[in-house]
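# A look at the structure
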Amino acid sequence: MSFKHRILLCLVLFSSSCLSITAQDQLTGRIRGSVTDAASGQALPYAQVMVAGTSPVVGTLTDGMGRFQLPELPVGERYTLHISYMGYEPVTAHQIAITSAKETILSISMKESIRMLSEVVVTPKVDKSVPLNNMTLTGARLVSIEEASRFAGGIDDPGRLMSSFAGVASNGTANNDITIRGNSPQFLQWKLEGVEIPNPNHFPESIGVGGGILTAFSTNVMANSDFYTGAFPAEYDNALAGVFDMKLRTGNNQHHEHAVQIGTLGVELSTEGPFGSEPKASAYPGLYDKMQYVEPPADNKASYLVNYRASTLSLSAAMLGGVLEEVAGMRYQDWTYKLNFPTRRAGTFTLWGIGTYDDYDQPLPDDIAATPYLPYTDKAHQTLNVAGLTHRIYLSPGNYLNTILTFCNTTNHRVIDLYDLNGNWVAPMADIRLDNTNLILHSFFNSKISARLTNRFGVTATQLWYDNDMNIIPTFPYSNGEPMRSIGKGRGGSTVFSAFNQTNLRIDDRWSLQMGINAGYFRLNNELTIEPRAALKWQTTPNTSLAVAYGLHSRRENLEYYFVEHPQRHTYPNKHLKQAKAHHLVLTADWNIGENLHFKAEPYYQELFDVPVEADTPFSIINQRNFWMTSLLVNTGRGRNYGIDLTLERYLLGGYYYLITASLFDSRYRGGDGRWRNTALNRRYVTNVLGGKEWFVGQTRRNVLGVNLRFNFMGGDYYTPFDHELSVAEKRPVEDTSQTMALRHKPVFVAHAGINFKMNRRHCTHEIAFKIINATGHADHYGYNYNFIRQKVSEIKARIIIPNVYYKIAF
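Quick caveat: nothing in here was measured; it's all calculated off a predicted structure.

Parameters and conventions
Residues numbered from 1 in each chain as written. Predicted model: local features only at pLDDT ≥ 70, side-chain atom pairs only at ≥ 80, totals over all residues. Heavy atoms only, no water. Salt bridge = Lys/Arg side-chain N within 4 Å of Asp/Glu carboxyl O. Helix = DSSP H or I, 4+ residues; strand = E, 2+ residues; numbered from the N terminus. Buried < 20%, exposed > 50% of the residue type's maximum accessible area, 1.4 Å probe, protein only. Pairing = 2+ DSSP bridges. pLDDT = per-residue confidence, 0-100. Contact = heavy atoms within 4.5 Å. Phe/Tyr/Trp six-rings, centres within 6.5 Å; stacked < 30°, edge-to-face > 60°. Axes fitted to C-alpha atoms, helices over the stretch in contact; angles between N-to-C directions.

### Let's talk about the pattern of salt bridges
Throughout the structure, instances matching the rule amount to 34 salt bridges. Among the salt bridges present, the one from Lys448 reaches Glu112, with a minimum N-O distance of 2.5 Å. Of this pair, Lys448 sits in strand β26 (residues 425-448) while Glu112 sits in the loop between β9 (104-110) and β10 (140-143), and the two are 336 residues apart along the sequence. As a salt-bridge pair, Lys247 and Asp245 come within 3.7 Å of each other at their nearest N and O atoms. We classify Lys247 as partly exposed; its relative accessible area is 26%. Given the relative accessible area of 5%, Asp245 is considered buried. In the salt-bridge network here, residues are joined through shared partners; they are Arg30, Arg32, Glu72 and Glu103.

Here it is, written out as structure tokens:
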């Protein structure tokens, strides 16, 4: 018996033993966590944690280190917690799910009240729109992984989940890029554990810029994170459109937990737990009448979290009869880890990282004679490795120092060869080799000076190494018989320095002010940037607020763009490019209509300048859709985006939830020829309607059935028509630049769906799910090519449907 068959047999036997538990057994789950001060991160000892709606009352107090553990609760419903602490604003955590296989671990932060105790009205509240970063007043939202993982259209991909939110659009079923308010997807910054990282997607830039096929890690390893859509605080630099500030969750430091998932997209393995044996918890009854107190185990144990995925899309392609033909040759692996080592006096050390290994092999079509386009082969090999070491230490009450050392490396080798219509090799079309390494040292000091005033100061030093060699034919991706030439080659290093300071002032219980400044220096082009940021928030009533935020932002280009070679002089004029910049102005009106219903309206204006463009042509980096760059650029371009984002969200309560978003906007740019035009992604409107329902089923209501749907309707993007006569003469698509971005594709309507059934058994949980991307079978636009049969330029469309059927066991 092979090793693979032995593993499968063990899994089946273990699953059978779990399923054999009788229906009469009472299953329970556990909720534990910590309560901290929102501004300083310090523990709040002896805070009260109560489970709402229980009789007799179930609750506990945090211990001297701010930790709590509730008595075990029956599986079969969701729970709401009320957390209170003298001198702090009460907090409510709604609709917490528990399972029999995994502990639910919460991190709850509380804001210190600035009013006298006699003035405080104890009214617990929840606002899930408030981001994790306490230095943020507006322009961001919390991404709750427990909630967002339910959303249809996500298939456990954090990148795809973002397109559910107001102001965000995606650009095709096969791509998870994130377009914010009409900006280019490459204007988004990806951060992980507080550090900027390269594009963390499988097959990055393979279909367009800024995205990929899937994010390099699943929602199973993510903690709650922040997503910014404009006017972000001073600690965020090198971004024009937005920031996805992602966090990895810390592994369970009390119990070993494991999960195995097998599906049409591949296999996923996960394990977490404490280093060493599991501690024993001791229970102490009756601190208060009708209230149980469970003492949490010692929480200073080191823990680990490791996740691995391996996949091929060929099985999904076979299920749908070849509609995934374009991506069926893609194979990928990824791994994620986080090792946490708390100490008694030296602070907490965390070793974390992600990695990917991607291969793509597109062969010649089976029936070349029937192929209307010149056939080609496309082979790509891409890797990503990110490893970080984080250290956090409290130097005094309210003050901590956070330091991160990070190593990032990306490689991309892609070879494309052209063949004739008889299947004979003609010539190479592209040979691209990219190897970029970053070593980043980031440190900030956070000081809670008082209940009203918090300050954060930080510095970042980044050493860049690059070894890039790009060779393509001049008319790539189309061929006119010209030989391949070097378009860019660079090998060496450079340095980036940045520093920021930001201050949050709570003027009173209704007014808050945030001010900051970011300064950066890029040694490659010797540019110094100074960027002020500010925000003001007015809590008009307990349930409504108004806020305004301004920020000046800038962004460096991809390193290979700086090394585009002048075809005659063999110099690199792009090395002197300045960073593109943008003024952001955002207004926010928030209204908590009820306990679980929230409305937000956010009008905005963005003015982009110093945008790289090609002189005397319509080209602008704003419309860049390919990862290679052949243009010689100058900083004379501009851009302008304005609109309004609307959100109506009902949080899960009573077994159902919904999210309705609408974005109305206009996005224009000025190219190198000085004319204003529509940007390629000026869709004008984007709407989303999604929702879901869950039922607790079975004799003891311990099983959960969930159904989730999402409908997306948005305007088409703009494109440039082709000169038919010139295209026929050159046997390749030739754009009519006199009509750049003059035409528009049809509107897009896409539906996604998912259904899952979760079975709780003693010490294990089974889940069976079916999720599908593009259930309506919408055909995405993927460019144009010259059709040799019809003797004209034809649009390339692909109806890509991605099904994911999987079985998962957690134990």
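Now, onward.
### Overview of the pairing of strand β33 (residues 597-614)
Each regular strand shows side chains that alternate between the opposite faces of the sheet. Among the 18 residues in β33, 14 count as buried, and that is most of the element. Pairing geometry for strand β32 (residues 580-592) and β33, over ten bridges, is antiparallel. The residue bridging Ala589 from the neighbouring strand is Ala601, located in β33. Sheet topology note: the β33/strand β34 (residues 633-653) ladder contains 15 bridges and is antiparallel. Bridging from a neighbouring strand, Ala601 pairs with Leu646 of β34.

### Notes on the confidence of the model for the protein
Do not read the predicted coordinates in detail wherever pLDDT is low. Of the residues in the protein, 90% reach a pLDDT of 70 or more, and the chain-wide mean stands at 87. Overall, residues 117-124 carries pLDDT values under 50, and its contacts beyond four positions in sequence, including any with other chains, amount to ten contacts. Predicted confidence for residues 282-298 stays below pLDDT 50, and this span has 45 contacts to residues more than four positions away or in other chains.

### A look at the packing of aromatic side chains
If you walk through the whole model with that rule in mind, you get 19 aromatic pairs. Measuring from centroid to centroid gives 5.6 Å for Phe275 and Phe341, while their planes differ by 15°, and the two rings are stacked. Note that Phe275 is positioned in the loop between β18 (266-274) and β19 (283-288) and Phe341 in strand β22 (residues 330-342), a separation of 66 residues in sequence. By relative accessible area, Phe341 is classed as partly exposed at 33%.

### A few points about the sheet that holds strand β4 (residues 58-61)
The sheet built from four strands is open, its strands ordered β4-β3-β7-β8 with antiparallel pairing. In the strand order of this sheet, the two ends are held by β4 and β8 (91-96), each with one partner. Adjacent strand axes in the sheet meet at a mean angle of 15° when their direction is disregarded. As defined by bridge partners, strand β3 (residues 48-51) adjoins strand β7 (residues 79-84) across four bridges and the pair is classed as antiparallel. Looking across to β7, one finds that Val51 is bridged to Leu81.

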